Amino acid sequence: HLFASCGLCGSGGRCILGPRFRCIHCQSFSCCMKCEPRLAEEHEEGHVFEIMFEDEVDWSKTGVTLPKGTRARIRRRASPPRAEVGEEDGGGGGASGSGGPAGPGQGRKRRADPSAGLEGVIRGQKRGKYMLELPDGAGTRHVAPENLQPLLTQRQAEQLLASVI
């Protein structure tokens, strides 16, 4: 998770690797998976944490063109517009959250993108999409920039962002 460090251990001065636990009550408090068991004792009681598996940087809005050879992953979920969040998943991920009949806008299942989560190497761009070459001869996927998460170190991300300033 680029530009996010653990509020308990400091992540060794680096970004959080693996799942990130972000406090929805504290504007800038996140925790790494290693420190997550300490939250009950060392963070304010009653605070709720969002578990994030992907970083929040939308590279399509940064003006950066990801270079050939960059490792990347197809995002598991693209961020839907705010108005659709509650409508699509019923607010609780189930049909209605109570086991009863689904109300308006609830109960619709999202179709899983079979390419989501796949990792590969960027081999260029074509018609506004990145060409992501999958390993072991599994083919190439054409991925829109907003659906692609580059697998970068904090330093690589900073260098790319500095190149557009």
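Everything here concerns the structure above.
What counts, and at which threshold
Residues numbered from 1 in each chain as written. Predicted model: local features only at pLDDT ≥ 70, side-chain atom pairs only at ≥ 80, totals over all residues. Heavy atoms only, no water. Helix = DSSP H or I, 4+ residues; strand = E, 2+ residues; numbered from the N terminus. Buried < 20%, exposed > 50% of the residue type's maximum accessible area, 1.4 Å probe, protein only. Polar contact = N/O pair within 3.5 Å; in protein donor to acceptor, adjacent residues only side chain to side chain. Contact = heavy atoms within 4.5 Å. Salt bridge = Lys/Arg side-chain N within 4 Å of Asp/Glu carboxyl O. Pairing = 2+ DSSP bridges. Axes fitted to C-alpha atoms, helices over the stretch in contact; angles between N-to-C directions. Core = buried A, V, L, I, M, F, W, Y, C linked by side-chain atoms within 4.5 Å. 1 Å grid on protein atoms, 1.4 Å probe; cavity = no way out; pocket = protein on both sides within 12 Å on 5 of 7 lines; lining within 4 Å. Points joined across faces, edges and corners; volume = space filled by probe spheres on them. Nonpolar A, V, L, I, M, F, W, Y, C, P; charged D, E, K, R; others polar.

(A) The arrangement of the side chain of R75 in detail. Inspection of the secondary structure puts R75 in the loop between β4 (71–74) and α2 (82–89). Taking relative accessible area as the criterion, R75 reaches 11% and is therefore assigned buried. For R75, the side chain forms a polar contact with the main-chain oxygen of V57, separated by 2.6 Å. For R75, the side chain forms a polar contact with the side chain of Q149, separated by 3.5 Å. The residues contacting R75, other than those within four sequence positions of it, are E54, D55, V57, W59, A116, G117, E146, N147, L148 and Q149.

(B) Geometry of the pattern of salt bridges. The final tally for this structure, using the stated rule, is 10 salt bridges. Between D58 and K61 there is a salt bridge; the shortest N-O distance is 3.8 Å. Several salt bridges share partner residues, and in doing so they unite R20, R22, E50 and E56 into one network.

(C) Structural context of the sheet that holds strand β3 (residues 49–52). Taken in spatial order, the three strands line up as β2-β1-β3 in an open sheet, and their pairing is antiparallel. Every interior strand has two partners, whereas the edge strands, β2 (30–32) and β3, have only one. Going from strand to strand, the sheet's axes swing by 25 degrees on average, the running direction of each strand aside. With three bridges joining them, strand β1 (residues 20–23) and β2 adopt antiparallel strand pairing. Paired with R22 across the two strands is S30, which belongs to β2.

(D) Quick peek at the pairing of β4. Taken together, the three bridges between β4 and strand β5 (residues 119–126) define a ladder with antiparallel strand orientation. What sits directly across from A72, in β5, is G120. Of the strand pairs in this sheet, β4 and strand β8 (residues 148–150) are connected by three bridges, and their pairing is antiparallel. Counted as the bridge partner of R73 is Q149 from β8.

(E) Representation of the nonpolar core. If you look at the biggest cluster of nonpolar residues, it comprises 17 residues, and the most contacted ones within it are W59, L66, I122, L132, L148 and L160. Taken together, the elements giving at least two residues each to this core come down to β4, β6 (129–133) and α3 (154–162). Excluding its chain neighbours within four sequence positions, the residues that come into contact with L132 are A72, I74, L118, G120, V121, I122, G139, T140, R141, V143 and L148. With 10 residues, the next largest nonpolar core counts C6, L8, F29 and C31 among its residues.

(F) Broad picture of the layout of surface pockets. The volume enclosed by the second largest pocket comes to roughly 350 Å³. Lining the second largest pocket are 18 residues; nearest its centre among them are H1, C15, I16, L17 and L152. Among the residues making up the lining of the second largest pocket, the classes are represented as nine nonpolar, five polar and four charged.

Bear in mind that shape data such as this cannot, by itself, settle questions of function.
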